[in-house]
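# Residue-level structural notes
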Amino acid sequence: MTTDAPALLPILYVPDPRLRAKAKPVEPNDPRIPALAERMLATMYKAPGIGLAAPQVGELLRLVVVDVHPEEKPVPMVLVNPEIVAASTELATREEGCLSLPNQFAEVTRPARVKVRWTDLTGARKEVEADGLLAACLQHEIDHLNGVLFVDHISALKRNMLLRKLAKELKAKARD
Ligand code: NI
């Protein structure tokens, strides 16, 4: 690590109430965003994870970072005010996890393809039609901006089981 590597940010865990808040839109030219995005990317790669939303580091702003190729050449995406503008009726199920629910995984069903629009760090409007892992990841991260977690998409029975397991593991970790 070089001396000018961006400082990592602490990731909030469930049940931190900030993970349930609705994030505010980022104002155009907000001077905090480039440095925050850089620190979020560094935090995501270190975790390691494939996506991180600003509320997960306690910033209630509509900002997301994603890289679904972390094992290969990095392809970082920074999405300011991302929005799902279209979703397929066809669904897809894949296993999801979340840095705010460490070591917890569940099969989540979502639209298989989504069209997402956002602004990049230069203020340019961007759009992607995503499928596969990127589609699931973008939906998962945009959910975070609305206080929604992947466990909200599974049955109450599975959710309660997973949340109890998480609480137990985090308590054990705090004791270590
Ligand atoms: Ni997550």
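In what follows, the accompanying structure is described. Treat the numbers as computed from the prediction; the structure is a model and nothing was measured.

What follows covers the coordination of the nickel ion. Bound to the nickel ion on the protein side are Cys98 (SG), His140 (NE2) and His144 (NE2), at distances that span 2.1 to 2.2 Å. Of note, the nickel ion draws all its donor residues from one chain, in the sequence arrangement C-x41-H-x3-H. Here Cys98 is found in strand E4 (residues 91-98), whereas its partner His140 is found in helix H2 (residues 132-145), with 42 residues between them in sequence. Classification of His140 as buried rests on a relative accessible area of 7%.

Another point: helix H1 (residues 33-46). It helps to recall that an α-helix has 3.6 residues per turn; residues three or four apart then point in one direction. A rise of 1.5 Å per residue sets the reference length of H1, with its 14 residues, at 20 Å; its end C-alpha atoms lie 20 Å apart and thus fit the reference within 8%. Among all positions in H1, only Ile33, Leu36, Ala37, Met40, Leu41, Ala42, Thr43 and Met44 are buried. Contacts from the buried residues of H1 go to strand E1 (51-53), strand E2 (63-66) and strand E3 (77-87).

This paragraph deals with the layout of surface pockets. The calculated volume of the largest pocket comes to roughly 590 Å³. For the largest pocket, the lining is made up of 27 residues, of which Pro48, Gly49, Gly97, Cys98 and Leu99 are closest to its centre. Of all the secondary-structure elements, those providing two or more residues to the lining of the largest pocket are E4, strand E5 (101-111) and H2. For the lining of the largest pocket, a count of residues per class yields 14 nonpolar, eight polar and five charged. Roughly 220 Å³ of internal volume is contained in the second largest pocket.

What counts, and where the lines are drawn
- Residues numbered from 1 in each chain as written.
- Predicted model: local features only at pLDDT ≥ 70, side-chain atom pairs only at ≥ 80, totals over all residues.
- Heavy atoms only, no water.
- Donors = N, O, S within 2.8 Å, 3.2 Å for Na, K, Ca; no water.
- Helix = DSSP H or I, 4+ residues; strand = E, 2+ residues; numbered from the N terminus.
- Buried < 20%, exposed > 50% of the residue type's maximum accessible area, 1.4 Å probe, protein only.
- Expected span 1.5 Å × (residues − 1).
- Contact = heavy atoms within 4.5 Å.
- 1 Å grid on protein atoms, 1.4 Å probe; cavity = no way out; pocket = protein on both sides within 12 Å on 5 of 7 lines; lining within 4 Å.
- Points joined across faces, edges and corners; volume = space filled by probe spheres on them.
- Nonpolar A, V, L, I, M, F, W, Y, C, P; charged D, E, K, R; others polar.

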